[in-house]
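Chain and residue survey
Each chain, letter by letter, is given below.
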Amino acid sequence: MLLRSRGRGRGYSPLRGAIETALRAAYVGDWPARLWSRITTEVRRVDVTLRAPVNLRIGFASDLHLGPTTPMRTLERAFAILGSAELDVLALGGDYVFLDATRAKARALAALVASVPARAKVAVLGNHDLWTEHALLEDALQSAGVRVLVNDAVEIDGVSLIGLDDPWTGALDAERGLARAASETKIVIAHAPEALPGVAGRVRAMLCGHTHGGHVALPRGRPIVVHGHVGRRFPHGVHDVDGTTLIVSRGLGGIEIPLRTFAPPDVVVLTLRA
Ligand SMILES: [Fe+2]
């Protein structure tokens, strides 16, 4: 039984270790993913257009959760949507796996990411990544041309893309990320909405996931349980917060509870238009 984090992620409780150990056995053969794929593999494309000094199109996918509860076809659909969206940038919001990072999952991740043409690819890591052997995932992302950002920034066409560490389990340092950004137009990529307080009003937009829109929600997408007070306020969708456009994706995959209700998987296409 594995009762502690195998990565640098904080907050992995013995209870989580016990639950994950039980689920590894219960979900053997990936039957929840196969069951879910029979019901639906629909992925929504959420389009957001923002005024900015430059033109740039950014595709965003989060919470892939490669593992026993996520249909591969859902992920293939999501990356096919992004692959045909004529992106300049592919940005990834973390939580690439559920349960363990394995070599097979790392290969699948690299293939999905490599299938999307884009001039720049950036990624942050999520809590589920940081609790497992995340070096495997980082290597896979890098092999697919991705820069993994930990409180760091890259520049493309006059836009700074700032990737922040996971606010829940990592070492979030918004000041460091912002200090590394050289351009006037700044876009933050973070795993979870809880990164917002450090950057609201200081950047053009922030893209994140983690909430799954509640994963199990009531009709009209009203979540029942969401982690964190910022997440509860903004469980999904597009919001203006002090002049920063916050975009919360519902992400793509499954976790402990394989089925989603009223929280359909989505990818985001963010177009900056001069
Ligand atoms: Fe997460």
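For the structure itself, look to the data block above.
Attention in this report is confined to the structure presented alongside it. (Residues numbered from 1 in each chain as written. Predicted model: local features only at pLDDT ≥ 70, side-chain atom pairs only at ≥ 80, totals over all residues. Heavy atoms only, no water.)

A few points about helix H3 (residues 72–83)
Here is the rule: What counts as a helix is a DSSP run of H or I of at least four residues, what counts as a strand is a run of E of at least two, and both are numbered from the N terminus. A helix is expected to span 1.5 Å multiplied by its residue count minus one. Burial status follows relative accessibility: with a 1.4 Å probe on protein chains alone, a residue under 20% of its type maximum counts as buried, one over 50% as exposed, and anything between as partly exposed. Here, the arc refers to the directions that run from the helix axis to the C-beta atoms. Residue contacts are defined here by distance: any two heavy atoms, one from each residue, within 4.5 Å place the two residues in contact.
Here H3 spans 16 Å end to end across twelve residues, near enough to the 16 Å set by a 1.5 Å rise per residue. Among all positions in H3, only Thr74, Leu75, Ala78, Phe79 and Leu82 are buried. End-on, the buried residues of H3 take up no more than an arc of 125 degrees, which puts them together on one face. Among the structural elements, strand S2 (56–61), strand S3 (89–92), helix H4 (103–114) and strand S14 (266–273) are those in contact with the buried residues of H3.

Section: the sheet that holds strand S7 (residues 159–163)
Heads up, the condition is: A pair of strands counts as paired when DSSP detects no fewer than two bridges linking them. Working convention: axes come from line fits to C-alpha atoms, limited for helices to the stretch in contact. Angles between N-to-C directions cover 0 to 180 degrees.
Taken together, six strands build an open sheet; the order of strands is S6-S7-S8-S9-S13-S12 and the sheet is mixed. Every interior strand has two partners, whereas the edge strands, strand S6 (152–156) and strand S12 (237–241), have only one. This sheet shows a mean twist of 20 degrees between the axes of neighbouring strands, independent of strand direction. Relative to strand S13 (residues 244–248), S12 runs antiparallel, the two being bridged by five bridges. Its bridge partner being in S13, valine 238 is matched across the sheet by isoleucine 247.

As for the sheet that holds S14
With mixed pairing, six strands are arranged side by side in an open sheet as S1-S14-S2-S3-S4-S5. Unpaired on one side and paired on the other, strand S1 (44–51) and strand S5 (146–148) mark the two borders of the sheet. Averaged over all pairs of adjacent strands, the angle between their axes in this sheet comes to 20 degrees, without regard to strand direction. Here helix H6 (residues 134–143) sits on the sheet in contact with S3, strand S4 (120–123) and S5, set at roughly 145 degrees to S5.

Some details on a nonpolar patch on the surface
Heads up, the condition is: Each patch is built from residues that are more than 30% exposed by relative accessible area and take part in no salt bridge. Like charges join if they lie within 9 Å; nonpolar side chains (Val, Leu, Ile, Met, Phe, Trp, Tyr) join within 5 Å. Working definition of accessibility: Shrake-Rupley area with a 1.4 Å probe, residue cover restricted to the visible protein chains. When a carboxyl oxygen of Asp or Glu is within 4 Å of a side-chain nitrogen of Lys or Arg, the pair counts as a salt bridge.
Among the surface-exposed residues, Trp31, Leu35, Ile39 and Leu259 lie close enough to one another that they form a single nonpolar patch of about 390 Å² accessible area. Relative to the helices and strands, leucine 259 resides in the loop between S13 and S14.

Observations regarding H4
Taking 1.5 Å per residue as the helical rise, H4 with its twelve residues ought to reach 16 Å, and the 16 Å between its terminal C-alpha atoms agrees with that figure. Along H4, the residues classified as buried are Lys105, Ala106, Leu109, Ala110, Leu112 and Val113. Along H4, the residues classed as buried sweep out an arc of 165 degrees about the axis, all on the same side. H4 presents Arg103, Arg107 and Ala111 as exposed residues on the side facing more than 90 degrees away from its buried surface. Elements in contact with the buried residues of H4: H3, S3, S4, H6 and S5.

Notes on the environment of arginine 202
Worth spelling out the cut-off: A 3.5 Å cut-off defines polar contacts: any pair of N or O atoms within that distance qualifies, except that in protein one atom must be a possible hydrogen donor and the other a possible acceptor, and neighbouring residues in sequence count only when both atoms are side-chain atoms.
Its location among the elements puts arginine 202 in the loop between strand S8 (185–189) and strand S9 (205–208). In sequence terms arginine 202 and aspartate 242 are 40 residues apart; their C-alpha atoms lie 8.5 Å from each other. Those residues in contact with arginine 202, other than ones at most four positions away along the chain, are Glu175, Leu178, Lys186 and Thr244. Within the structure, the side chain of arginine 202 is placed 2.7 Å from the side chain of glutamate 175, a separation counted as a polar contact.

Notes on the pairing of S13
Within S13, five of the five residues are buried, leaving the element largely enclosed by the surrounding structure. Pairing of S9 with S13, which is carried by four bridges, proceeds in the parallel orientation. Looking across to S13, one finds that methionine 206 is bridged to leucine 246. Counting the residues in the hairpin turn of S12 and S13 gives two residues, including aspartate 242, whose phi is positive at 55 degrees.

A look at the side chain of lysine 186
Stated precisely, the cut-off is as follows: Positive charges come from Lys and Arg alone, negative charges from Asp and Glu alone, with His and the N- and C-terminal ends not counted.
Topologically, lysine 186 is positioned in strand S8. Look at lysine 186: it is buried, it has no salt bridge, and the nearest opposite charge is glutamate 155 at 7.9 Å. In this structure the side chain of lysine 186 is engaged in a polar contact, spanning 2.8 Å, whose partner is the backbone oxygen of serine 183. Once residues lying within four places of it in the same chain are set aside, the contact partners of lysine 186 are Ser160, Ile162, Leu178, Ala181, Arg202, Val203, Arg204 and Ala205.

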